[in-house]
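# Survey of secondary and tertiary structure
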Amino acid sequence: MSSKQRQFDALVRGYSGDLFRYAYWLCGEEALAQDLVQESFLRAWRSLDSLRETAAAKAWLITILRREHARLYERKTPQFVDVDEVEVADVRDALTPEGSGEDALIRAAMLKLDVKYREPLLMQVLGGFSCEEIARELNISSAAVMTQLFRARQKLKAMLGGEPIEAQVYELR
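This one's a predicted model, so the numbers in the text were calculated from it and none came from an experiment. (Residues numbered from 1 in each chain as written. Predicted model: local features only at pLDDT ≥ 70, side-chain atom pairs only at ≥ 80, totals over all residues. Heavy atoms only, no water.)

### Focus: the packing of aromatic side chains
Scanning the model with the defined rule gives three aromatic pairs in all. For the pair F8 and F41, a centre-to-centre distance of 6.0 Å together with 85° between the ring planes defines the contact as edge-to-face. Taken as a pair, F8 in helix α1 (residues 3–27) and F41 in helix α2 (residues 30–46) lie far apart in primary sequence, 33 residues in all. We note that F8, like F41, is buried. Residues F8 and W45 carry aromatic rings whose centres are separated by 5.1 Å and whose planes lie at 75° to one another, so their mutual orientation is edge-to-face. On the criterion of sequence distance, the pair formed by F8 in helix α1 and W45 in helix α2 is long-range, its members being 37 residues apart. Look at F8 and you get buried, because its relative accessible area is 15%. Judged by its relative accessible area of 30%, W45 falls in the partly exposed class. Grouping aromatic residues by their ring pairs yields a cluster made of F8, F41 and W45. (Phe/Tyr/Trp six-rings, centres within 6.5 Å; stacked < 30°, edge-to-face > 60°. Helix = DSSP H or I, 4+ residues; strand = E, 2+ residues; numbered from the N terminus. Buried < 20%, exposed > 50% of the residue type's maximum accessible area, 1.4 Å probe, protein only.)

Interpretation note: all reported values are geometric properties and have no functional meaning in isolation.
Here's what the structure looks like:
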């Protein structure tokens, strides 16, 4: 087995679980998440020579996965349907035991967050990235990451019945 194959096998063994969890949170479908991870590893194999630091492998793979997920929507053309022809099912019929638990409530609340807040939160919680790593990946400052993480948690608390979404602003007169 060549050194490139050994390096790649170590990447797959070490990061496939993290990549799958992140992909699942991005798309919400198990089969699609598996496809995204597989495509990401395929792209990683093709450009493995460009990985200079093995310490940066996780961030490199997450970046590949994010771009692969974005490519899905670049290729997809929306299909339009006449609104009058659409039948909306009763939401109560769609509830299953898996879809009505605490995990489902948290997932639904996270999906309601703006991407600006959801993405850094997912990278921190699921990916285990530090604020500095998230800042590098998203091309924003560390302070912006910390602010977005704080606001994401505030919004989640409010959606889940905790505190108000934002503090009130008082003007001096």
